[in-house]
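The lines below spell out each chain.
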Amino acid sequence: MASRDVVSYDTPLSRALSIFGTVFVAFYLVWTLLPFVVMFVSSFKDMLEAFKLPVVGDWAGMTVFFDFSPTLKHYTTLFTENSFGTYIMNSLIAAGGSAVISVVFGSLAAYSLSRVDFRGKQDLFFWIISTRMAPVVAVMVPLYAIFRSLDLVGTLPGLILAYTTFNLPFAIWMLKGFFDNVPYAIEEAQMVDGATRFEAFRSILPLVAPGIGAFVVLCVLFAWNDFLFAAIIGSGGAKTLPVATRELVQPQNIQWGSIMAAGVVTTAPMMLLGLVIRKYLVAGLTMGAVKE
Amino acid sequence: MTDVSSLSGSSRDVASQLFRARAHSVEVEARPRAEITHKPRKFNPPMPKYYYYYLMAPAIAILAFISLYPFFWLIIMSLQDVDIGGGEWIGLKNYTKLFTDARFIDGWILLAQYSIMCLGLQVGLGVTLAVVVNSSKYEKYLVTALLMPMMMAPAVAGLLWLFLYNGTFGWYHWVLQSAGILDSASILASADTAMYAIVLVDVWQWTPLITIIALAGLKRVPRDQLEANMVDGASPMRNFFAIILPNLYPVLLIAVLLRFMDNFRFIDSILVLTGGGPGSATKILPVYLFEVAFKFFKLGRGAAIALTLLIVTILLGKLLVRVFEKPQGGKG
């Protein structure tokens, strides 16, 4: 709000700018949202109808896009011919498990890091954040070798542990910022009243509960959307939704209808969750550097 | 208001309850204090640091197992000739070979090209978008719409764009062709255009992040400076370049660094769209690493490449943390 409505200009230039702005945003929105519309609508189309395109240059022919009879068969094949029910469960367990582990241990660590000072704390922090920022492929090379020797490749516990490599540092980093905002005086007051340190910690939990909940959701989101770890560490026994969707692409026969349906199945829940925690989304996506 | 009648009927009950409550409280008050806290607890020692270390320990232990331990493994592996079977020590051979590996060097060049193209487009589009959205009545709805692509799994986004780019039935291809930008060959099939294709997907998915970060920065632009500048007769353009942009700079720096590191981190959509092809036109370094390590299972060689990638990321991370810690313009 700060930079708006201070003084209203009304010159030809400013009017031209504002018209340009509106047109620009309109075009951008169409460009951003159209792929979703195509995905959603195509998932209800029969194969031949999905491939229908107007002649090149025939802009009026675009209405052909809506010329189809809706069918649910792609969704039913996902669950009958491909076992997408299992893959959804795998995704849920892997993402949920790592999110819970990360946030439980992460909040304990974040709380103590927020309350205590010691030498080398900055270095510890740098280690934590660089674990989060490390390229997934680079992390996976040694992790794959270790997990193979422990027989963790292709299992859900292995995948949960793999997701924890990026979720745990994320949780520690974000939640520390949260605990920093809770005044120590609250705990002090509790302890003067005879509470132990752990009781004092529990007493401030309700203050940070909404944030903790939001970060569980964010951790689920990151893990759910992962492809690389799931493709390598989870290959075989722990196939998640993005990998299963990718496997519908076969050299001879790409089942586009099913792929679009699987895309909807994978994307829709995360979009809803994202809207629920919108308030924390921006902070989460920018590692807490920017708050909305 | 409807409850009043029912209340007034039983007003005596209320009174008696109140009375009882007071009697009860007097009773509590009258109890000697020692009975409430019959065993006075020991006061907490002044510096009970160890307690915090106990809380920290499990997280640090997990993190050590999944990050520090693998890191040492990575260094050991990079000195060995490891494939599926086992390893044998070969010293620094993995590293010396990298200098003559054309695809390794090309990978870095392509990664730089890819990142610069992505970031240039994202910052340009993102900031313009933020300025317009900031002065819009519908800001809240626009931001919600813009958040959508970021919720999609990058691999699914890759598949969706694979469909849209398709040379025979892709809508995006049709639009580009109708506008006369492209001939009938698919954008992904030619080595000249495939890079633009993967850049566009990244721009589609992540420009909104820059927009939202820039939007947060715009809210912080001090109003008095804008007013003072306008009183001096500055135009809106001048206002933008003299006041808004300098104030935006620290936030934008964070956004750019974050996106830059994400370009190193995520290759999901590229793997799905081109797999590094056609030829090696889109084989940016992480994709090349993926191929070496998990297609040909040359884990030792992969480890050496991974280490170079990690070192660059750590240096970038140092930069990022320094920017984080700097106080940002306006109130944080």
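Residues numbered from 1 in each chain as written. Chains lettered and ligands numbered in written order. Predicted model: local features only at pLDDT ≥ 70, side-chain atom pairs only at ≥ 80, totals over all residues. Heavy atoms only, no water.

## Overview of the UniProt feature "transmembrane region" (unreviewed entry) in chain B
Per the UniProt record, "transmembrane region" (unreviewed entry) is annotated on residues 51-76, 108-133, 145-165, 196-218, 238-258 and 302-321 of chain B. In this annotation, residues 145-165 of chain B is assigned 71% helix and 0% strand; the end-to-end C-alpha distance for the span is 23 Å. (UniProt positions renumbered as here; feature names shortened; annotations may be inferred. Helix = DSSP H or I, 4+ residues; strand = E, 2+ residues; numbered from the N terminus.)

## Description of the packing of helix α9 (residues 197-224) of chain A against helix α12 (residues 256-276) of chain A
Residues and elements named next belong to chain A. At a minimum axis distance of 10 Å, the contact between α9 and α12 shows a crossing angle of 160°. When the axis of α9 is compared with that of α12, the two are roughly antiparallel. The handedness of the crossing between α9 and α12 is left-handed. Residues V217, V220, L221 and W224 of α9 lie in contact with α12, whose contacting residues are T266, P269, M270 and L273. Tallied by class, residues from the contact of α9 with α12 come to seven nonpolar, one polar and no charged. (Axes fitted to C-alpha atoms, helices over the stretch in contact; angles between N-to-C directions. Parallel < 35°, antiparallel > 145°, perpendicular 65-115°, else oblique. Left-handed = near helix turned anticlockwise from the far one by under 90°. Contact = heavy atoms within 4.5 Å. Nonpolar A, V, L, I, M, F, W, Y, C, P; charged D, E, K, R; others polar.)

## A look at the UniProt feature "transmembrane region" (unreviewed entry) in chain A
All names here are of chain A. Within the UniProt annotation, "transmembrane region" (unreviewed entry) is assigned to residues 16-41, 92-113, 125-147, 153-175, 207-234 and 254-277. Span residues 92-113 is 100% helix and 0% strand, its end C-alpha atoms 30 Å apart. Between the C-alpha atoms that bound residues 207-234 there is a distance of 37 Å. The span itself is 82% helix and 0% strand.

## What to know about the packing of helix α4 (residues 84-115) of chain A against α9 of chain A
All names here are of chain A. In contact at an axis separation of 8 Å, α4 and α9 are set at 140° when each is read in the N-to-C sense. Considering the angle they form, α4 stands oblique to α9. α9 is crossed by α4, and the crossing has right-handed handedness. Contacts from S91, L92, A95, G96, S98, A99, V103, S107, L108, Y111 and R115 in α4 reach F201, I204, I212, F215, V216, C219, V220, A223 and W224 in α9.

## Some words on the nonpolar core
Soluble globular proteins: nonpolar side chains tend toward being buried together. Counting residues in each nonpolar core, the largest one holds 206 residues, and the members touching the most others are V141 and F229 of chain A together with F294 of chain B. Looking at this core, the element that brings in the most residues is helix α10 (residues 194-218) of chain B, giving 15 residues. Leaving out residues up to four positions away in the same chain, F229 of chain A has contacts with V136, V139, M140, L143, L159, A162, Y163, T165, F166 and G234 of chain A. (Core = buried A, V, L, I, M, F, W, Y, C linked by side-chain atoms within 4.5 Å. Buried < 20%, exposed > 50% of the residue type's maximum accessible area, 1.4 Å probe, protein only.)

## Brief notes about a nonpolar patch on the surface
Residues L13, L17 and F20 of chain A together with M237 and F241 of chain B make up a contiguous nonpolar surface patch of roughly 490 Å² in combined accessible area. Secondary-structure elements contributing two or more residues to the nonpolar patch are α1 (12-42) of chain A together with α12 (236-265) of chain B. The element best represented in the nonpolar patch is α1 of chain A, accounting for three residues. In this structure, F241 of chain B sits in helix α12. Assessed through its relative accessible area of 53%, F241 of chain B is described here as exposed. (Patch = residues over 30% accessible without salt bridge, like charges linked within 9 Å, V, L, I, M, F, W, Y side chains within 5 Å. Areas by Shrake-Rupley, 256 points an atom, 1.4 Å probe, with all protein chains shown as cover. Salt bridge = Lys/Arg side-chain N within 4 Å of Asp/Glu carboxyl O.)

## Examining helix α9 (residues 171-178) of chain B
Of all the eight residues making up α9 of chain B, seven are buried; the element is thus mostly covered by neighbouring parts of the structure. Within α9 of chain B, burial applies to W171, Y172, H173, W174, L176, Q177 and S178 of chain B. Structurally, α9 of chain B contributes buried residues whose contacts are with α1 of chain A together with α8 (154-165) and α10 of chain B. Of the residues flanking the end of α9 of chain B, it is G180 of chain B, one or two places downstream, whose phi is positive at about 80°.

## Overview of the interface of chain B and chain A
Each side of the interface is counted separately: chain B has 118 residues, and chain A has 118 residues. Interface area, chain B with chain A, both sides summed: about 10,400 Å², of which 78% is carbon and sulfur. Contact with chain A buries area across many residues of chain B, yet M151, W171 and R265 of chain B alone supply 8% of it, more than any other trio. Where chain B packs against chain A, one counts zero salt bridges. Linking chain B with chain A are eight residue pairs in polar contact (both at pLDDT 80 or more). Counting residues per element, the side of chain B that touches chain A draws most heavily on helix α4 (residues 49-78) of chain B, at 21 residues. By residue class, the composition of the side of chain B that touches chain A is 89 nonpolar, 18 polar and eleven charged. (Buried area = accessible area lost by both parts, 1.4 Å probe. Polar contact = N/O pair within 3.5 Å; in protein donor to acceptor, adjacent residues only side chain to side chain.)

## Structural notes on the pattern of salt bridges
All names here are of chain B. Counted by the stated rule, this structure contains twelve salt bridges over all chains. Residue R259 pairs with D262 through a salt bridge whose shortest N-O separation is 3.2 Å. In this pair, R259 and D262 are both assigned in helix α12, three residues apart and thus about one turn of the helix distant. Residue classification places R259 among the buried positions, given a relative accessible area of 1%. Through salt bridges that share partners, R103, K283 and E291 make up one connected network.

## Comments concerning the confidence of the model for chain A
Model confidence for chain A is summarised by a mean pLDDT of 86, while 96% of its residues fall at 70 or above. Highest mean pLDDT in chain A belongs to α4 of chain A (92); lowest belongs to helix α2 (residues 47-50) of chain A (76). (pLDDT = per-residue confidence, 0-100.)

## With respect to helix α5 (residues 121-133) of chain A
Given a rise of 1.5 Å per residue, 13 residues ought to cover 18 Å, and the 18 Å separating the end C-alpha atoms of α5 of chain A matches this to within 8%. The buried count for α5 of chain A comes to eleven of 13 residues, which makes it a mostly enclosed element. (Expected span 1.5 Å × (residues − 1).)

## Overview of the side chain of S67 of chain B
Here S67 of chain B lies in helix α4. Residue classification places S67 of chain B among the buried positions, given a relative accessible area of 14%. Setting aside residues no more than four positions away along its own chain, S67 of chain B makes contact with W127 and T131 of chain A.

## Regarding the packing of aromatic side chains
All chains considered together, the criterion is met by 40 aromatic pairs over all chains. Look at Y165 of chain B and Y172 of chain B: their rings are 5.6 Å apart centre to centre, the planes differ by 75°, and that puts the pair in the edge-to-face class. With 5.2 Å between their ring centres and 80° between their planes, F240 of chain B and F241 of chain B make a pair best called edge-to-face. Put simply, the rings of F20, F24, Y28, W31 and F36 of chain A together with W161, Y165, Y172 and W204 of chain B touch in pairs and so form one group of aromatic residues. The ring of F166 of chain A has R265 of chain B sitting right over it, with the charged end atom 6.0 Å from the ring centre. In this structure, K318 of chain B packs its charged tip against the face of F126 of chain A, placed 4.0 Å from the ring centre. (Phe/Tyr/Trp six-rings, centres within 6.5 Å; stacked < 30°, edge-to-face > 60°. Lys NZ or Arg CZ within 6 Å of the ring centre and 35° of its normal.)

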